[in-house]
Amino acid sequence: MPTATKRWMFLTSFVTSLGALIVICSILTTQEWIRSTVAISDTSSNGSVIITYGLFRGKSIQELNHGLAESDKNFEVLGTLNSSSPKTLHLVVILFLVLSLFTSLLSSVFTFYNSFSNPYQTFLGPMGVYTWNGLSASFIFISMVLFVGNTQSNHLSEELAQRLYPLYPAVTHQGTSHSYGYSFWLTLLVILLNIVTAVIITIFQKARKQWKQEQKKPMEYAPRDGILF
């Protein structure tokens with residue numbers, strides 16, 4: 001296949017792989033994963049605790065029905081949680097995102113390497129690119145599912161509210177609503193970029209196979225005596 005066409009296709013897939021890598025970095029560092037509103041009610045006051053947080057940091061504010069509100073509290077997610085099931089599962093979410101980051105990095109390296117070399121028959125070729133993109137998409141999808149499970153079933157936000165506001169234990173919580181932020185939904189963009197990278201490589205593989213077949217045709221249809229001569 002012409003070198004220029006191959007190079008541009010792999011450089012395009014390198015850009016999408018690099019884009020996935022950058023988005024994962026943004027997902028890890030921003031704190032707009034979720035906004036949870038925990039309704040509280042006790043004998044002295046009614047109101048809500050609003051918590052917005054990411055994987056490592058967050059902020060919260062307490063709003064009371066009679067108009068008073070505490071100033072924002074900035075907190076470290078892992079430092080606020082004690083040794084508990086929500087903390088353990090939160091660490092697993094971070095682990096899978098780091099694995100997705102690592103595999104996206106490998107995908108970027110492989111696609112860039114393929115744009116200037118021809119390792120078609122080895123794992124360094126398209127097969128390696130497929131593998132790392134598939135793993136990256138799988139890891140980030142698992143992290144999404146685990147994070148949702150941790151907030152919905154394992155009550156991560158309620159656990160944080162209880163640690164941040166010990167005057168309002170779990171018995172005073174009257175319900176929690178969740179709204180997932182842009183940091184969470186960016187995980188879908190990573191999966192999309194991984195799919196686009198794989199599609200580009202698939203198009204290249206098909207085009208390369210077709211080009212090889214066309215190169216053989218002149219020999220197949222050439223006169224037999226001409227070939228002997």
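Computed from a prediction, not measured in an experiment: that's the story for all the values here. (Residues numbered from 1 in each chain as written. Predicted model: local features only at pLDDT ≥ 70, side-chain atom pairs only at ≥ 80, totals over all residues. Heavy atoms only, no water.)

> Describe the UniProt feature "transmembrane region" (unreviewed entry) in the protein, and please don't skip the residues or the numbers.
Mapped onto this numbering, the UniProt entry annotates "transmembrane region" (unreviewed entry) at residues 91-116, 128-148 and 182-204. Along residues 91-116 one finds 92% helix and 0% strand; the C-alpha atoms at either end are 39 Å apart. Helix and strand shares over residues 182-204 are 100% and 0% respectively, and the end C-alpha atoms of the span are 33 Å apart. (UniProt positions renumbered as here; feature names shortened; annotations may be inferred. Helix = DSSP H or I, 4+ residues; strand = E, 2+ residues; numbered from the N terminus.)

> Tell me about a nonpolar patch on the surface, and name the residues and values.
Taken together, the side chains of Phe102, Leu105 and Val109 define a hydrophobic patch exposed on the protein surface, amounting to about 270 Å² of accessible area. Along the chain, Val109 falls in helix H3 (residues 85-114). The exposure class of Val109 is partly exposed, given its relative accessible area of 47%. (Patch = residues over 30% accessible without salt bridge, like charges linked within 9 Å, V, L, I, M, F, W, Y side chains within 5 Å. Areas by Shrake-Rupley, 256 points an atom, 1.4 Å probe, with all protein chains shown as cover. Salt bridge = Lys/Arg side-chain N within 4 Å of Asp/Glu carboxyl O. Buried < 20%, exposed > 50% of the residue type's maximum accessible area, 1.4 Å probe, protein only.)

> An account of the nonpolar core is requested, with residue identities and associated values reported.
Counting residues in hydrophobic clusters, the biggest one holds 32 residues, and the most contacted among them are Ile51, Tyr53, Leu97, Phe147 and Leu160. Broken down by secondary-structure element, the contributors of at least two residues to this core are helix H1 (3-29), strand E1 (34-41), strand E2 (46-53), H3, helix H4 (126-152), helix H5 (156-164) and helix H6 (182-220). A total of five residues in this core trace back to one element, the largest contributor, which is H1. If we skip the residues at most four places from it in the chain, Phe147 touches Trp33, Ile34, Tyr53, His90, Val93, Leu156, Tyr180 and Phe184. Counting nine residues, the second largest nonpolar core, distinct from the first, contains Met9, Leu106, Phe110 and Trp132. (Core = buried A, V, L, I, M, F, W, Y, C linked by side-chain atoms within 4.5 Å. Contact = heavy atoms within 4.5 Å.)

> For the environment of Ile195, give the residues involved together with the corresponding values.
Position of Ile195 relative to the elements: it lies in helix H6. Judged by relative accessible area, which is 48%, Ile195 ranks as partly exposed. Remark: the alpha-carbon pair of Ile195 and Ala137, spanning 58 residues in sequence, is separated by 8.1 Å.

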